Amino acid sequence: MAMAIRCFRHLPSLLYRSSFAVTRGLPQAPAGCPALPLDGCRQCVHQMLLTRQLATKKAKGKGQTQARVNISAALVEDIINLEETSEDMQAVVEALKEDFSRNLSVRTSPGALDHIIVVTKDGKFPLNQLGQISQKSPQLLIVNMTNFPESTAAATKAIRESGMNLNPEVDGTIIRVPIPKVTREHRESLAKLAKQSTNKSKEALRKVRSKSINQVKKFKNKVSEDTIWLLEKQIQQMADSAAAEMDKLLAAKTKELLG
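Residues numbered from 1 in each chain as written. Predicted model: local features only at pLDDT ≥ 70, side-chain atom pairs only at ≥ 80, totals over all residues. Heavy atoms only, no water.

Asks: How would you explain the overall build of the chain if you had to name every residue and give the values?
Replies: In terms of regular secondary structure, the chain is built from nine helices and six strands. Taken across its 259 residues, the chain has 37% of its residues classed as buried. The long-range share in the chain, meaning contacts at least 24 apart out of those at least 6 apart in sequence, stands at 65%. (Helix = DSSP H or I, 4+ residues; strand = E, 2+ residues; numbered from the N terminus. Buried < 20%, exposed > 50% of the residue type's maximum accessible area, 1.4 Å probe, protein only. Contact = heavy atoms within 4.5 Å.)

Below, the structure is given as structure tokens:
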């Protein structure tokens, strides 16, 4: 890692040279530069210099689309794992998709109750691990608690408080869950829940972004200011892209719910 950082220390002087220097060619790789597998330090600096020049073009005219930063993950792997950051952000998006699919639908099925967490004296368990869930008719779900009869009351409470507008009825170890008629009010309630879930997911996304940026800042005394600037910008772009995907998911879900 020390060798890679030595390479980055040459960036400031190179990045502040004129574009004329680019056309005349970049200097050869400094002694000990580890960038040989990437076709030398010349290629590394050339990529970052051009990216910096493109990104600063936004100051030359209002209303122009700001150029995107695209740094090779291999080039900065000793500072931060950009691929891991991308995966963490995408995981937040996928969790939102799963939440929309399971919990926010006007079409009720046995699987809609699977995620409900039941609090028992032995701990917290998904409802489908305690009872057998089936659909007796389009308007009625059945939860058979024969295997864990002592958890029947807790399961009933969890279903009632699930936020799904359900009013379960208990008959021994059998829990009947009538499916309410889908009203406009219920659809609007689901749409509000979708918005709330999206906001929570965006908060989780911001935490991933902040964690990554803090990791980059740990190297502010070891690499150039431009290197830190470019990495922070790349991480922000990744977060913006994930947030935009969430907005699209919310728009689609809202349209589905409200009809």
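Asks: Help me get a handle on the pairing of strand β1 (residues 117–120), residues and values and all.
Replies: A one-sided burial pattern is seen for β1, the buried positions being Val-118 and Thr-120 and the unburied ones Ile-117 and Val-119. Where β1 and strand β2 (residues 123–126) come together, four bridges link them in antiparallel fashion. Opposite Ile-117, over in β2, you have Pro-126 as the bridge partner. (Pairing = 2+ DSSP bridges.)

Asks: Describe the sheet that holds strand β5 (residues 169–171), with residues and values.
Replies: Overall, antiparallel pairing links the four strands, which are arranged β3-β4-β6-β5 in an open sheet. Sheet topology places β3 (132–137) and β5 at the edges, where each strand pairs with a single neighbour. Taken over all neighbouring pairs, the strand axes of this sheet differ in orientation by 25° on average, direction set aside. Looking at chain direction, β3 and strand β4 (residues 140–144) are connected through five bridges and run antiparallel. Paired with Ile-133 across the two strands is Val-143, which belongs to β4. Here helix α7 (residues 152–160) sits on the sheet and contacts β4, β5 and β6 (174–178); the angle it forms with β6, its principal contact strand, is near 10°. (Axes fitted to C-alpha atoms, helices over the stretch in contact; angles between N-to-C directions.)

Asks: If you had to explain the side chain of His-186 to someone new, which residues and values would you point to?
Replies: Within the secondary structure, His-186 sits in helix α8 (residues 184–217). In this structure, His-186 is in contact with Met-164 and Asn-165, ignoring residues within four places of it in sequence.

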